[in-house]
Amino acid sequence: MSSDLLLIKNGRVVDPGRNIDQVSSILVRDGRISVVGEVTADVIPEGCPTIDAAGLVVSPGFIDIHCHLREPGFEYKETIATGTKAGARGGFTSLCCMPNTEPPIDNAAVVDLIRRRTREDAIVRVHPIGCVTKGRKGKALAEMEELASAGVVAFSDDGDPVYDSNIMRLALTYSADLGIPITNHCEDHSLAKNGVMAEGWVATRLGLPGIPAAAEEAMMARDISLAELTGGRLHLAHLTTAGAVVLLRQARERGVNVTAEVCPHHLTITDKWVLGNMGVESGGASTQAYDTSTKVYPPLRSGRDVEVLIEGLAEGVIDCIATDHAPHELVSKQVTFNEAAFGISVLETALGSSLQLVHSGKMSLSALVERLTVGPARVLGPAFNEFAALEPGTPADIVIFDPDAEWEVDPSEFESKGKNTPLRGTTLKGKVLTTIVDGEIVYSASPRSKS
Ligand code: NCD
(Lines give C-alpha, C1' and ligand atoms only; values in the text may rest on other atoms or scores of the structure.)
Protein backbone atom coordinates (compact mmCIF):
# COMPACT_ATOMS: atom_id res chain seq x y z
CA MET A 1 0.00 0.00 0.00
CA SER A 2 1.19 3.47 -0.77
CA SER A 3 1.31 6.42 1.57
CA ASP A 4 3.17 9.70 1.60
CA LEU A 5 4.13 9.39 5.24
CA LEU A 6 5.00 6.50 7.51
CA LEU A 7 6.34 6.63 11.05
CA ILE A 8 8.29 3.70 12.47
CA LYS A 9 8.72 4.35 16.16
CA ASN A 10 10.65 2.86 19.08
CA GLY A 11 12.60 0.32 16.99
CA ARG A 12 16.23 -0.71 17.46
CA VAL A 13 17.63 1.01 14.40
CA VAL A 14 20.64 -0.89 13.06
CA ASP A 15 22.33 1.02 10.25
CA PRO A 16 25.84 -0.43 10.03
CA GLY A 17 27.02 1.92 7.29
CA ARG A 18 26.68 4.81 9.72
CA ASN A 19 27.60 2.86 12.87
CA ILE A 20 24.12 3.34 14.27
CA ASP A 21 22.62 0.79 16.66
CA GLN A 22 20.14 2.51 18.95
CA VAL A 23 16.47 2.80 19.75
CA SER A 24 15.12 5.50 17.51
CA SER A 25 12.30 6.52 15.19
CA ILE A 26 12.21 6.90 11.44
CA LEU A 27 9.90 9.11 9.46
CA VAL A 28 9.41 8.21 5.81
CA ARG A 29 8.10 10.89 3.49
CA ASP A 30 7.35 10.46 -0.22
CA GLY A 31 9.23 7.18 -0.43
CA ARG A 32 12.41 8.48 1.16
CA ILE A 33 13.85 8.51 4.64
CA SER A 34 13.05 11.92 6.06
CA VAL A 35 14.12 11.81 9.72
CA VAL A 36 16.09 9.30 11.77
CA GLY A 37 16.14 10.04 15.49
CA GLU A 38 13.61 11.86 17.51
CA VAL A 39 10.52 12.61 15.47
CA THR A 40 8.75 15.47 17.20
CA ALA A 41 4.97 15.76 17.30
CA ASP A 42 4.96 18.91 15.16
CA VAL A 43 6.24 17.03 12.09
CA ILE A 44 3.77 14.16 12.44
CA PRO A 45 0.40 14.97 10.94
CA GLU A 46 -2.66 13.56 12.64
CA GLY A 47 -3.48 10.06 11.47
CA CYS A 48 0.06 9.43 10.16
CA PRO A 49 0.34 5.66 9.60
CA THR A 50 2.55 4.35 12.39
CA ILE A 51 4.35 1.10 13.06
CA ASP A 52 5.31 0.52 16.67
CA ALA A 53 8.60 -1.34 16.36
CA ALA A 54 9.31 -1.60 20.10
CA GLY A 55 11.43 -4.71 20.70
CA LEU A 56 12.08 -5.09 16.97
CA VAL A 57 15.06 -4.39 14.73
CA VAL A 58 14.73 -1.81 11.97
CA SER A 59 17.45 -1.97 9.33
CA PRO A 60 18.06 -1.19 5.67
CA GLY A 61 16.33 -3.76 3.46
CA PHE A 62 18.54 -6.71 2.58
CA ILE A 63 20.31 -6.86 -0.78
CA ASP A 64 20.72 -10.27 -2.39
CA ILE A 65 23.42 -10.25 -5.04
CA HIS A 66 22.82 -13.85 -6.14
CA CYS A 67 19.45 -15.44 -6.73
CA HIS A 68 17.61 -17.29 -9.48
CA LEU A 69 14.24 -15.84 -10.47
CA ARG A 70 13.96 -18.23 -13.44
CA GLU A 71 12.15 -15.82 -15.74
CA PRO A 72 12.22 -16.00 -18.72
CA GLY A 73 12.04 -19.69 -19.56
CA PHE A 74 11.52 -21.56 -16.32
CA GLU A 75 8.33 -19.96 -15.00
CA TYR A 76 7.26 -23.33 -13.59
CA LYS A 77 10.11 -22.98 -11.08
CA GLU A 78 9.71 -19.27 -10.20
CA THR A 79 8.67 -15.98 -11.75
CA ILE A 80 9.64 -12.41 -11.10
CA ALA A 81 6.26 -12.04 -9.34
CA THR A 82 6.66 -15.03 -7.01
CA GLY A 83 10.41 -14.57 -6.52
CA THR A 84 10.04 -10.95 -5.46
CA LYS A 85 7.17 -11.88 -3.10
CA ALA A 86 9.51 -14.47 -1.58
CA GLY A 87 12.22 -11.83 -1.36
CA ALA A 88 9.89 -9.40 0.42
CA ARG A 89 8.86 -12.14 2.87
CA GLY A 90 12.55 -12.71 3.53
CA GLY A 91 13.31 -9.02 4.14
CA PHE A 92 15.05 -8.44 0.80
CA THR A 93 14.35 -5.17 -0.98
CA SER A 94 16.82 -5.69 -3.85
CA LEU A 95 17.40 -8.93 -5.73
CA CYS A 96 20.08 -9.49 -8.36
CA CYS A 97 18.96 -12.29 -10.64
CA MET A 98 21.30 -14.73 -12.34
CA PRO A 99 21.25 -15.14 -16.11
CA ASN A 100 20.81 -18.95 -16.37
CA THR A 101 17.38 -18.34 -17.87
CA GLU A 102 16.06 -19.35 -21.31
CA PRO A 103 17.02 -17.37 -23.25
CA PRO A 104 19.99 -16.47 -21.08
CA ILE A 105 20.51 -12.79 -20.22
CA ASP A 106 23.23 -12.27 -22.82
CA ASN A 107 21.88 -9.30 -24.76
CA ALA A 108 20.06 -6.02 -24.15
CA ALA A 109 16.70 -7.36 -25.38
CA VAL A 110 16.54 -9.92 -22.56
CA VAL A 111 17.57 -7.26 -20.02
CA ASP A 112 14.74 -5.07 -21.35
CA LEU A 113 12.30 -7.96 -21.02
CA ILE A 114 13.29 -8.45 -17.39
CA ARG A 115 12.95 -4.74 -16.75
CA ARG A 116 9.44 -4.81 -18.24
CA ARG A 117 8.41 -7.84 -16.19
CA THR A 118 9.87 -6.11 -13.14
CA ARG A 119 7.80 -2.97 -13.75
CA GLU A 120 4.68 -5.08 -14.21
CA ASP A 121 5.10 -7.79 -11.57
CA ALA A 122 7.86 -7.16 -9.05
CA ILE A 123 7.25 -5.96 -5.52
CA VAL A 124 10.94 -5.41 -4.70
CA ARG A 125 13.79 -4.09 -6.83
CA VAL A 126 15.21 -6.51 -9.41
CA HIS A 127 18.65 -6.03 -10.93
CA PRO A 128 19.62 -8.37 -13.76
CA ILE A 129 23.05 -9.97 -13.98
CA GLY A 130 24.32 -10.47 -17.54
CA CYS A 131 26.14 -13.50 -18.95
CA VAL A 132 29.92 -13.41 -19.31
CA THR A 133 29.74 -15.54 -22.45
CA LYS A 134 27.26 -15.77 -25.33
CA GLY A 135 24.52 -18.21 -24.43
CA ARG A 136 26.48 -19.11 -21.25
CA LYS A 137 28.32 -21.52 -23.51
CA GLY A 138 31.79 -20.46 -22.44
CA LYS A 139 33.08 -20.04 -26.00
CA ALA A 140 32.96 -16.29 -26.75
CA LEU A 141 32.43 -13.19 -24.64
CA ALA A 142 28.92 -11.76 -24.55
CA GLU A 143 28.49 -8.13 -25.63
CA MET A 144 29.50 -6.88 -22.21
CA GLU A 145 29.33 -3.22 -23.10
CA GLU A 146 25.82 -3.56 -24.54
CA LEU A 147 24.75 -5.42 -21.38
CA ALA A 148 26.35 -2.78 -19.16
CA SER A 149 24.54 0.01 -21.03
CA ALA A 150 21.29 -1.93 -20.64
CA GLY A 151 21.86 -1.88 -16.89
CA VAL A 152 23.22 -5.23 -15.71
CA VAL A 153 24.87 -4.96 -12.29
CA ALA A 154 27.31 -7.88 -12.63
CA PHE A 155 28.36 -10.56 -15.12
CA SER A 156 28.23 -14.28 -14.46
CA ASP A 157 27.72 -17.64 -16.17
CA ASP A 158 26.51 -18.97 -12.80
CA GLY A 159 25.43 -22.58 -12.84
CA ASP A 160 28.66 -22.98 -14.78
CA PRO A 161 32.09 -21.46 -14.33
CA VAL A 162 33.84 -19.36 -16.95
CA TYR A 163 35.99 -22.31 -17.84
CA ASP A 164 38.30 -20.89 -20.49
CA SER A 165 41.07 -18.98 -18.70
CA ASN A 166 41.68 -16.58 -21.58
CA ILE A 167 37.99 -15.67 -21.77
CA MET A 168 38.04 -15.07 -18.00
CA ARG A 169 41.10 -12.88 -18.47
CA LEU A 170 39.31 -10.79 -21.13
CA ALA A 171 36.14 -10.55 -19.05
CA LEU A 172 38.10 -9.30 -16.05
CA THR A 173 39.91 -6.78 -18.25
CA TYR A 174 36.56 -5.38 -19.47
CA SER A 175 35.17 -5.42 -15.93
CA ALA A 176 37.89 -3.01 -14.84
CA ASP A 177 36.78 -0.50 -17.53
CA LEU A 178 33.08 -1.05 -16.95
CA GLY A 179 33.39 -1.00 -13.16
CA ILE A 180 31.12 -4.05 -12.95
CA PRO A 181 32.16 -7.27 -11.19
CA ILE A 182 32.54 -10.71 -12.74
CA THR A 183 30.91 -13.22 -10.40
CA ASN A 184 32.45 -16.60 -11.00
CA HIS A 185 30.94 -19.92 -9.96
CA CYS A 186 34.24 -21.61 -9.15
CA GLU A 187 34.05 -25.25 -10.15
CA ASP A 188 36.72 -27.20 -11.97
CA HIS A 189 34.52 -29.65 -13.89
CA SER A 190 37.36 -32.08 -14.42
CA LEU A 191 37.60 -32.46 -10.64
CA ALA A 192 33.90 -32.12 -9.81
CA LYS A 193 33.02 -34.64 -12.57
CA ASN A 194 29.64 -36.21 -11.82
CA GLY A 195 29.82 -35.45 -8.08
CA VAL A 196 26.55 -34.79 -6.29
CA MET A 197 27.73 -33.93 -2.78
CA ALA A 198 30.93 -33.04 -0.94
CA GLU A 199 33.72 -35.60 -1.19
CA GLY A 200 34.32 -37.13 2.25
CA TRP A 201 33.25 -39.94 4.54
CA VAL A 202 29.53 -39.14 4.27
CA ALA A 203 29.62 -39.46 0.48
CA THR A 204 31.56 -42.71 0.82
CA ARG A 205 29.09 -44.07 3.38
CA LEU A 206 26.17 -43.20 1.10
CA GLY A 207 27.88 -44.42 -2.05
CA LEU A 208 27.47 -41.05 -3.75
CA PRO A 209 30.11 -39.49 -6.03
CA GLY A 210 31.86 -36.62 -4.25
CA ILE A 211 33.08 -33.17 -5.26
CA PRO A 212 36.49 -32.39 -3.71
CA ALA A 213 37.21 -29.02 -2.09
CA ALA A 214 39.94 -28.64 -4.72
CA ALA A 215 37.28 -28.25 -7.45
CA GLU A 216 36.38 -24.91 -5.90
CA GLU A 217 39.81 -23.87 -4.72
CA ALA A 218 41.69 -24.65 -7.96
CA MET A 219 39.46 -22.38 -10.01
CA MET A 220 39.41 -19.74 -7.32
CA ALA A 221 43.22 -19.64 -7.31
CA ARG A 222 43.19 -19.22 -11.11
CA ASP A 223 40.67 -16.40 -10.87
CA ILE A 224 42.65 -14.60 -8.20
CA SER A 225 45.76 -14.69 -10.38
CA LEU A 226 43.77 -13.39 -13.35
CA ALA A 227 42.33 -10.57 -11.23
CA GLU A 228 45.86 -9.73 -10.18
CA LEU A 229 47.05 -9.80 -13.79
CA THR A 230 44.23 -7.64 -15.15
CA GLY A 231 43.26 -5.43 -12.21
CA GLY A 232 39.69 -6.56 -12.95
CA ARG A 233 36.76 -6.75 -10.51
CA LEU A 234 36.47 -10.34 -9.37
CA HIS A 235 33.62 -11.52 -7.18
CA LEU A 236 33.64 -15.11 -5.96
CA ALA A 237 30.24 -16.76 -5.67
CA HIS A 238 29.15 -19.08 -2.85
CA LEU A 239 32.36 -20.06 -1.03
CA THR A 240 32.18 -23.39 0.77
CA THR A 241 35.62 -24.55 1.84
CA ALA A 242 38.08 -23.66 4.58
CA GLY A 243 40.81 -23.50 1.91
CA ALA A 244 38.80 -20.95 -0.06
CA VAL A 245 38.83 -18.61 2.94
CA VAL A 246 42.62 -18.97 3.21
CA LEU A 247 43.07 -18.14 -0.51
CA LEU A 248 40.75 -15.16 -0.21
CA ARG A 249 42.50 -13.80 2.87
CA GLN A 250 45.90 -14.04 1.15
CA ALA A 251 44.57 -12.33 -1.98
CA ARG A 252 43.08 -9.54 0.10
CA GLU A 253 46.38 -9.06 1.91
CA ARG A 254 48.13 -8.67 -1.46
CA GLY A 255 45.58 -6.00 -2.41
CA VAL A 256 43.81 -7.99 -5.14
CA ASN A 257 40.49 -6.47 -6.20
CA VAL A 258 38.40 -9.43 -5.06
CA THR A 259 35.19 -9.81 -3.07
CA ALA A 260 33.29 -12.91 -2.01
CA GLU A 261 29.95 -14.18 -0.74
CA VAL A 262 28.74 -17.13 1.34
CA CYS A 263 25.24 -18.64 1.48
CA PRO A 264 23.12 -19.15 4.62
CA HIS A 265 23.07 -22.95 4.13
CA HIS A 266 26.85 -23.19 3.89
CA LEU A 267 27.09 -21.27 7.18
CA THR A 268 24.65 -23.44 9.08
CA ILE A 269 24.31 -26.99 7.79
CA THR A 270 26.79 -29.69 6.83
CA ASP A 271 27.11 -32.69 4.54
CA LYS A 272 25.87 -34.84 7.44
CA TRP A 273 22.40 -33.54 6.59
CA VAL A 274 22.51 -35.83 3.55
CA LEU A 275 22.56 -38.77 6.02
CA GLY A 276 19.22 -37.60 7.40
CA ASN A 277 18.45 -36.71 11.04
CA MET A 278 19.16 -33.06 10.24
CA GLY A 279 22.85 -33.52 10.70
CA VAL A 280 22.65 -35.24 14.08
CA GLU A 281 25.10 -38.10 13.83
CA SER A 282 23.56 -41.50 14.41
CA GLY A 283 26.43 -43.61 13.21
CA GLY A 284 24.99 -44.07 9.74
CA ALA A 285 22.27 -43.17 7.30
CA SER A 286 18.75 -42.68 8.66
CA THR A 287 15.53 -43.41 6.80
CA GLN A 288 15.61 -39.72 5.87
CA ALA A 289 18.95 -40.07 4.06
CA TYR A 290 19.37 -39.05 0.43
CA ASP A 291 16.94 -36.15 0.90
CA THR A 292 17.32 -34.38 -2.44
CA SER A 293 16.55 -31.00 -0.85
CA THR A 294 20.10 -31.18 0.59
CA LYS A 295 21.52 -31.37 -2.94
CA VAL A 296 22.94 -28.01 -3.83
CA TYR A 297 25.81 -26.59 -5.82
CA PRO A 298 28.33 -26.01 -4.35
CA PRO A 299 27.70 -28.87 -1.94
CA LEU A 300 27.16 -28.77 1.81
CA ARG A 301 30.54 -29.38 3.38
CA SER A 302 32.08 -30.45 6.70
CA GLY A 303 31.64 -28.88 10.13
CA ARG A 304 35.23 -27.61 9.95
CA ASP A 305 34.51 -25.81 6.65
CA VAL A 306 31.40 -24.25 8.20
CA GLU A 307 33.43 -22.98 11.18
CA VAL A 308 36.05 -21.37 8.95
CA LEU A 309 33.40 -19.77 6.71
CA ILE A 310 31.75 -18.26 9.79
CA GLU A 311 35.11 -16.91 10.96
CA GLY A 312 35.74 -15.44 7.49
CA LEU A 313 32.34 -13.77 7.46
CA ALA A 314 32.64 -12.45 11.02
CA GLU A 315 36.10 -11.07 10.27
CA GLY A 316 34.83 -9.41 7.08
CA VAL A 317 37.20 -11.32 4.76
CA ILE A 318 34.01 -12.64 3.16
CA ASP A 319 32.06 -9.51 2.27
CA CYS A 320 28.51 -10.64 2.33
CA ILE A 321 25.76 -13.21 2.56
CA ALA A 322 24.03 -14.08 -0.72
CA THR A 323 21.18 -16.57 -0.90
CA ASP A 324 21.80 -18.41 -4.20
CA HIS A 325 18.02 -18.93 -3.98
CA ALA A 326 17.56 -21.81 -6.46
CA PRO A 327 13.88 -22.76 -6.61
CA HIS A 328 12.89 -25.99 -8.37
CA GLU A 329 9.61 -27.66 -9.19
CA LEU A 330 8.75 -30.84 -7.29
CA VAL A 331 9.61 -33.33 -10.03
CA SER A 332 13.18 -32.04 -10.28
CA LYS A 333 13.64 -33.15 -6.68
CA GLN A 334 11.35 -36.20 -6.46
CA VAL A 335 13.90 -38.45 -8.14
CA THR A 336 17.07 -40.22 -6.99
CA PHE A 337 19.83 -38.15 -5.43
CA ASN A 338 22.00 -38.59 -8.52
CA GLU A 339 19.25 -37.38 -10.85
CA ALA A 340 17.92 -34.48 -8.74
CA ALA A 341 18.50 -30.84 -9.65
CA PHE A 342 20.98 -28.89 -7.54
CA GLY A 343 19.51 -26.04 -5.50
CA ILE A 344 17.75 -24.82 -2.35
CA SER A 345 14.92 -22.30 -2.02
CA VAL A 346 16.50 -19.83 0.40
CA LEU A 347 14.98 -16.34 0.27
CA GLU A 348 12.40 -16.94 2.99
CA THR A 349 14.71 -18.70 5.45
CA ALA A 350 17.88 -16.64 4.93
CA LEU A 351 17.42 -14.33 7.91
CA GLY A 352 16.35 -17.03 10.37
CA SER A 353 19.29 -19.23 9.31
CA SER A 354 21.86 -16.44 9.40
CA LEU A 355 20.70 -15.19 12.79
CA GLN A 356 21.97 -18.47 14.26
CA LEU A 357 25.41 -16.87 14.04
CA VAL A 358 24.21 -14.02 16.24
CA HIS A 359 22.29 -16.20 18.70
CA SER A 360 25.36 -18.42 19.13
CA GLY A 361 27.56 -15.37 19.82
CA LYS A 362 29.72 -15.77 16.70
CA MET A 363 28.79 -12.40 15.22
CA SER A 364 27.15 -9.22 16.42
CA LEU A 365 23.73 -8.33 15.08
CA SER A 366 25.08 -5.19 13.49
CA ALA A 367 27.85 -7.16 11.71
CA LEU A 368 25.25 -9.59 10.36
CA VAL A 369 23.08 -6.73 9.10
CA GLU A 370 26.22 -5.26 7.51
CA ARG A 371 26.80 -8.49 5.59
CA LEU A 372 23.22 -8.36 4.27
CA THR A 373 23.24 -4.67 3.29
CA VAL A 374 26.48 -2.66 3.13
CA GLY A 375 28.57 -5.73 2.19
CA PRO A 376 26.56 -6.64 -0.92
CA ALA A 377 26.30 -2.96 -1.89
CA ARG A 378 30.10 -2.72 -1.73
CA VAL A 379 30.40 -5.64 -4.16
CA LEU A 380 28.04 -3.95 -6.63
CA GLY A 381 29.57 -0.48 -6.40
CA PRO A 382 28.76 3.02 -5.13
CA ALA A 383 25.39 3.26 -6.95
CA PHE A 384 24.05 0.79 -4.38
CA ASN A 385 25.10 2.68 -1.27
CA GLU A 386 21.79 4.50 -1.06
CA PHE A 387 19.93 1.18 -0.79
CA ALA A 388 22.08 0.06 2.12
CA ALA A 389 21.60 2.99 4.48
CA LEU A 390 18.88 4.61 6.55
CA GLU A 391 20.08 8.10 5.85
CA PRO A 392 17.80 11.08 5.30
CA GLY A 393 17.27 11.50 1.57
CA THR A 394 17.86 7.85 0.64
CA PRO A 395 15.07 5.59 -0.72
CA ALA A 396 13.06 4.11 2.14
CA ASP A 397 14.01 0.43 1.67
CA ILE A 398 13.55 -0.94 5.17
CA VAL A 399 13.07 -4.26 6.94
CA ILE A 400 11.60 -4.69 10.40
CA PHE A 401 12.28 -8.02 12.07
CA ASP A 402 12.00 -9.76 15.39
CA PRO A 403 15.38 -11.45 15.98
CA ASP A 404 13.93 -13.67 18.71
CA ALA A 405 10.62 -14.81 17.21
CA GLU A 406 10.60 -18.55 16.62
CA TRP A 407 8.74 -20.09 13.70
CA GLU A 408 8.54 -23.46 12.05
CA VAL A 409 9.58 -23.69 8.41
CA ASP A 410 6.60 -24.87 6.39
CA PRO A 411 7.40 -24.64 2.68
CA SER A 412 3.70 -24.75 1.81
CA GLU A 413 3.59 -21.22 3.25
CA PHE A 414 6.44 -20.02 1.01
CA GLU A 415 5.65 -17.33 -1.52
CA SER A 416 8.34 -18.94 -3.67
CA LYS A 417 7.24 -21.65 -6.07
CA GLY A 418 10.33 -23.55 -4.89
CA LYS A 419 9.43 -25.62 -1.85
CA ASN A 420 12.85 -27.32 -1.96
CA THR A 421 14.38 -26.74 1.44
CA PRO A 422 16.10 -29.13 3.84
CA LEU A 423 14.84 -26.88 6.66
CA ARG A 424 11.24 -28.13 6.35
CA GLY A 425 9.92 -28.70 9.88
CA THR A 426 12.85 -27.03 11.64
CA THR A 427 12.44 -24.06 13.95
CA LEU A 428 14.21 -20.83 13.04
CA LYS A 429 14.68 -17.93 15.41
CA GLY A 430 14.26 -14.59 13.68
CA LYS A 431 11.29 -13.48 11.63
CA VAL A 432 10.68 -10.69 9.15
CA LEU A 433 7.59 -8.69 10.09
CA THR A 434 7.52 -5.83 7.60
CA THR A 435 9.35 -5.05 4.38
CA ILE A 436 9.21 -1.61 2.84
CA VAL A 437 10.40 -0.55 -0.63
CA ASP A 438 10.41 3.12 -1.64
CA GLY A 439 8.27 3.83 1.43
CA GLU A 440 5.61 1.27 0.51
CA ILE A 441 4.84 -1.73 2.67
CA VAL A 442 5.33 -4.69 0.34
CA TYR A 443 5.16 -7.39 2.99
CA SER A 444 3.59 -7.49 6.39
CA ALA A 445 3.50 -10.64 8.53
CA SER A 446 0.79 -9.17 10.67
CA PRO A 447 -1.59 -6.61 9.22
CA ARG A 448 -2.31 -5.53 12.77
CA SER A 449 1.21 -4.14 13.12
CA LYS A 450 0.08 -1.07 11.20
CA SER A 451 -2.36 1.34 12.78
C1 NCD B 1 21.73 -23.25 -9.30
C2 NCD B 1 20.42 -23.24 -10.09
O3 NCD B 1 19.55 -24.08 -9.79
O4 NCD B 1 20.29 -22.41 -10.97
N5 NCD B 1 21.73 -24.35 -8.38
C6 NCD B 1 22.42 -24.43 -7.23
O7 NCD B 1 22.45 -25.50 -6.62
N8 NCD B 1 23.06 -23.39 -6.75
C9 NCD B 1 22.85 -23.30 -10.29
C10 NCD B 1 24.18 -23.64 -9.72
O11 NCD B 1 24.86 -22.72 -9.19
O12 NCD B 1 24.60 -24.79 -9.81
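About the thresholds
- Residues numbered from 1 in each chain as written.
- Predicted model: local features only at pLDDT ≥ 70, side-chain atom pairs only at ≥ 80, totals over all residues.
- Heavy atoms only, no water.
- Near = heavy atom within 4 Å.
- Polar contact = N/O pair within 3.5 Å; in protein donor to acceptor, adjacent residues only side chain to side chain.
- Areas by Shrake-Rupley, 256 points an atom, 1.4 Å probe, with all protein chains shown as cover.
- Buried < 20%, exposed > 50% of the residue type's maximum accessible area, 1.4 Å probe, protein only.
- Helix = DSSP H or I, 4+ residues; strand = E, 2+ residues; numbered from the N terminus.
- Pairing = 2+ DSSP bridges.
- Expected span 1.5 Å × (residues − 1).
- Contact = heavy atoms within 4.5 Å.
- 1 Å grid on protein atoms, 1.4 Å probe; cavity = no way out; pocket = protein on both sides within 12 Å on 5 of 7 lines; lining within 4 Å.
- Points joined across faces, edges and corners; volume = space filled by probe spheres on them.
- Nonpolar A, V, L, I, M, F, W, Y, C, P; charged D, E, K, R; others polar.
- Core = buried A, V, L, I, M, F, W, Y, C linked by side-chain atoms within 4.5 Å.

S.K.: I'm lost on the site of the ligand in this one. Help?
M.R.: In the vicinity of the ligand there are 13 residues, among which Arg70, Asn100, Tyr297, Asp324 and Gly343 approach most closely. Between the ligand and the protein, one listed contact pairs an oxygen atom with a side-chain N or O atom of His185 at 3.4 Å. One of the side-chain N or O atoms of His328 is found 3.2 Å from an oxygen atom in the ligand. Coverage of the ligand by the protein chains reaches 92% of its 320 Å² of free accessible surface.

S.K.: Could you clarify how one ought to interpret the pairing of strand E8 (residues 125-128) in this entry?
M.R.: Regular strands show a simple pattern: their side chains alternate between the two faces of the sheet. Residues Arg125 and His127 point to one face of E8 and Val126 and Pro128 to the other, with burial holding for every one of them. As paired strands, strand E7 (residues 92-97) and E8 are joined by four bridges and run parallel to one another. Bridging across to E8, Cys96 finds its partner in His127.

S.K.: What should I look at first to understand helix H8 (residues 242-253) in this one?
M.R.: Think of an α-helix as turning once every 3.6 residues; residues three or four places apart then point the same way. Here H8 contains twelve residues, and its C-alpha end-to-end distance of 17 Å stays within 8% of the 16 Å for a straight helix at 1.5 Å per residue. All of the buried residues in H8 are Ala242, Ala244, Val245, Leu248 and Ala251. Residues of H8 that are buried in the fold lie against helix H7 (213-230), strand E12 (234-236), strand E13 (258-262) and helix H10 (303-315). A positive phi of about 85 degrees marks Gly255, the residue just after H8.

S.K.: Any chance you could explain the sheet that holds E13 here in plain terms?
M.R.: Across a sheet, strands are paired by hydrogen bonds formed along the backbone, either parallel or antiparallel in direction. Spatial strand order, E9-E12-E13-E14: four strands in an open sheet with parallel pairing. Each end of this open sheet is capped by a strand with a single partner; those strands are strand E9 (182-184) and strand E14 (320-321). Two strands pair when backbone bridges link them, and E9 and E12 are joined in this way by three bridges, in the parallel orientation. Considered in E12, the bridge of Thr183 is made with His235.

S.K.: Would you mind showing me how to read empty space enclosed by the protein here?
M.R.: Over the atoms, a rolled probe matching the size of one water molecule traces out where space is still vacant. Under the counting rule described, the total for this entry stands at four cavities of 30 Å³ or more. Reported here for the largest cavity is a volume of approximately 100 Å³. As for the largest cavity, its lining consists of 13 residues, and the residues nearest its centre are Arg89, Glu348, Trp407, Lys431 and Val432. For the lining of the largest cavity, the elements supplying multiple residues, two or more each, are helix H12 (350-354) and strand E16 (427-437). Per-class residue counts for the lining of the largest cavity are six nonpolar, four polar and three charged. Computed from the structure, the second largest cavity encloses a volume of approximately 80 Å³. Contributing to the lining of the second largest cavity are Pro264, His265, Thr268, Ile269, Ile344, Ser345, Val346, Thr349, Ser353, Thr421, Pro422 and Leu423. For the lining of the second largest cavity, the element with the highest residue contribution is helix H9 (residues 264-268), accounting for three residues. For the lining of the second largest cavity, the per-class residue count stands at six nonpolar, six polar and no charged.

S.K.: Looking at this structure, how should I read the nonpolar core?
M.R.: Side chains of nonpolar character tend, in soluble globular proteins, to be buried together. The biggest cluster of nonpolar side chains holds 89 residues, and the ones touching the most others in it are Phe155, Leu236, Leu239, Leu248 and Phe401. In terms of nonpolar packing, the next biggest core, distinct from the first, is built from 17 residues, Ile8, Val13, Ile51 and Ile398 among them.

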